[in-house]
Amino acid sequence: MILLSVGTQLPFDRLVKSVDQWAAAHPEVEVIAQIGPSRYVPKAMDACDFFDPEHFRELQERCTLMVSHAGVGSIVNALELGKPIIILGRDHLRNEHRNGHQISTVEQFGNLPGIYAARDEQHLIELMNRRDLMGPASRLSADAPPEFLDHIRECVASARPMPLWRLLWRAIRDR
Amino acid sequence: MTLIELPVQKRRVALIASGGGHWIELVRFARAVSDHDCLFISTSTGLRAPFGEKPVVQISDGSRDTIGSLVKSVMGLNRCLRAFRPDVVISTGAAPGAIALFLGKMLGATTIWIESIANSEELSLSGRLAHGCADVMITQWEHLADERRHIHYLGRVL
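Rules of the game
- Residues numbered from 1 in each chain as written.
- Chains lettered and ligands numbered in written order.
- Predicted model: local features only at pLDDT ≥ 70, side-chain atom pairs only at ≥ 80, totals over all residues.
- Axes fitted to C-alpha atoms, helices over the stretch in contact; angles between N-to-C directions.
- Helix = DSSP H or I, 4+ residues; strand = E, 2+ residues; numbered from the N terminus.
- Parallel < 35°, antiparallel > 145°, perpendicular 65-115°, else oblique.
- Left-handed = near helix turned anticlockwise from the far one by under 90°.
- Contact = placed C-beta atoms within 7 Å.
- Expected span 1.5 Å × (residues − 1).
- Pairing = 2+ DSSP bridges.
- Nonpolar A, V, L, I, M, F, W, Y, C, P; charged D, E, K, R; others polar.
- Buried ≥ 20, exposed ≤ 12 C-beta atoms within 10 Å, placed from the backbone.
- Right-handed = clockwise from strand over helix to strand, strands pointing away.
- Core = buried A, V, L, I, M, F, W, Y, C linked by C-beta atoms within 7 Å.

Observations regarding the packing of helix α1 (residues 13–25) of chain A against helix α5 (residues 121–129) of chain A
Residues and elements named next belong to chain A.
Alright, step 1. At a minimum axis separation of 10 Å, α1 and α5 run at an interaxial angle of 40°. As summarised for this structure, α1 and α5 are arranged oblique, according to the angle between their axes. In this structure, the crossing between α1 and α5 has a hand that is right-handed. Listed contacts from α5 to R14, S18 and W22 of α1 are E121, L124, I125 and M128.

In structure tokens form, the structure reads like this:
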């Protein structure tokens, strides 16, 4: 089963439509999609606006391939579960997001093993056609690295609160 | 000299993140504060706290596109933070997290902002807002750290 997800905040019709068309051409493959507020109405996929987080987690565990917008949540979940993932970044120039951070995410994470960055819709389809050759992502543990946890633990135990006016003054002074 | 292991002083820690990636990043380091009394707050429905008995408090999702729900989200945050009286407020974003830091600061809490790993080119708008009320400001990208501006790099959630 292939699982498509585009987050829950913003529509991503370009991705939903491309995957739906691929699904129509491959009726033998089950495709399930969480499409958020996308306007395009899928015809060949089993689609839903929003899956309950626990049900969504089950779908992620069951799928053999994830296809997703370049959201950190989807990428981290794929790495945690060791599933291959194809990502397409939301392009702010097409009003698919408020800014271009997903394009940077594609650049930063697109080269990791198991993460396949699609340049555009055409490339996405090519990648989906090659799904049988895709290796899983290298599995990530459920927790951040121990050093990061230690830093946070230390901050919580020892950082002292400063009054708001001092923080604001500091932020303005050191701009 | 004998070293005496002092027990961790239990603090009340509020952890806030919007649903999706922000929440997933928050959960990845939440174990660091599991010795404390923790309250998790998010905008998504049906989330389960990574540990503890308390359910995740759900607040309305405000982003900068939707002023109405942002107001509701401020009221929800204000209510639950006043009741919890946190010693520490931690957020990974987005807009409701920045508001939580401000409200936490008004209640005298220590405030910690951890910028999402998604923001690799510049600080997010929420991050820039939170900067004015964060005691500790953390980025997950080394090139965005700036000691002069008190923006620190301490590693990543991945």
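Some remarks on α1 of chain A
Alright, step 1. In this model α1 of chain A runs 18 Å from its N-terminal to its C-terminal C-alpha over 13 residues, within 8% of the 18 Å that 1.5 Å per residue would give.
Alright, step 2. Buried residues along α1 of chain A sit in contact with β1 (2–5), β2 (31–34), β4 (65–69), β5 (85–88) and α5 of chain A.

Examining the sheet that holds strand β2 (residues 37–42) of chain B
All names here are of chain B.
Alright, step 1. Pairing in this open sheet of seven strands is parallel, and the strands run β3-β2-β1-β4-β5-β6-β7 from one edge to the other. Because the sheet does not close on itself, it has two edges, and the strands there are β3 (57–58) and β7 (151–153).
Alright, step 2. Of the strand pairs in this sheet, strand β4 (residues 88–93) and strand β5 (residues 110–114) are connected by four bridges, and their pairing is parallel. Bridging from a neighbouring strand, V89 pairs with T111 of β5.
Alright, step 3. Against the sheet, helix α1 (residues 21–30) makes contact with β1 (12–17), β2 and β4, and its axis sits at roughly 150° relative to β1, the strand it touches most.
Alright, step 4. Relative to β1, helix α2 (residues 67–84) is tilted by about 165°, and along the sheet it contacts β1, β2 and β3.

Overview of the sheet that holds β2 of chain A
Residue and element names in this part refer to chain A.
Alright, step 1. One open sheet holds the six strands; their spatial order is β3-β2-β1-β4-β5-β6, and the pairing between them is parallel. Taken across any chain shown, the strands that pair with only one partner, and hence form the sheet edges, are β3 (46–48) and β6 (115–117). Strand-to-strand twist across the sheet, computed as the mean angle between neighbouring axes with direction ignored, equals 15°.
Alright, step 2. Sheet analysis places β1 next to β2, joined by four bridges and oriented parallel. Paired with L4 across the two strands is A33, which belongs to β2.

Some thoughts on the interface of chain A and chain B
Alright, step 1. At the interface, 38 residues of chain A touch 44 residues of chain B.
Alright, step 2. Broken down by secondary-structure element, the contributors of at least two residues to the side of chain A that touches chain B are α2 (53–62), α3 (72–81), α4 (101–109), α6 (146–158) and α7 (164–173) of chain A.
Alright, step 3. In terms of residues, the side of chain A that touches chain B owes the most to one element, α6 of chain A, which gives nine residues.
Alright, step 4. A class-by-class count of the residues in the side of chain A that touches chain B yields 19 nonpolar, 11 polar and eight charged.

Regarding the pairing of strand β6 (residues 136–139) of chain B
Residues and elements named next belong to chain B.
Alright, step 1. Residues of β6 alternate between two faces, with V136 and I138 on one and M137 and T139 on the opposite face, all of them buried.
Alright, step 2. Here β5 runs beside β6; their pairing, made up of three bridges, is parallel. Note on β6: the bridge partner recorded for I114 is I138.
Alright, step 3. For the segment spanning β5, helix α4 (residues 125–131) and β6, crossover handedness is right-handed.
Alright, step 4. Pairing of β6 with β7, which is carried by three bridges, proceeds in the parallel orientation. Bridging from a neighbouring strand, M137 pairs with I151 of β7.

As for the nonpolar core
Alright, step 1. Formed by 95 residues in total, the largest nonpolar core has its most connected members in V19 and I87 of chain A together with L15 of chain B.
Alright, step 2. Other than its neighbours up to four places away in sequence, I87 of chain A contacts S68, H69, A70, I75, V106, I115, A117 and A118 of chain A.

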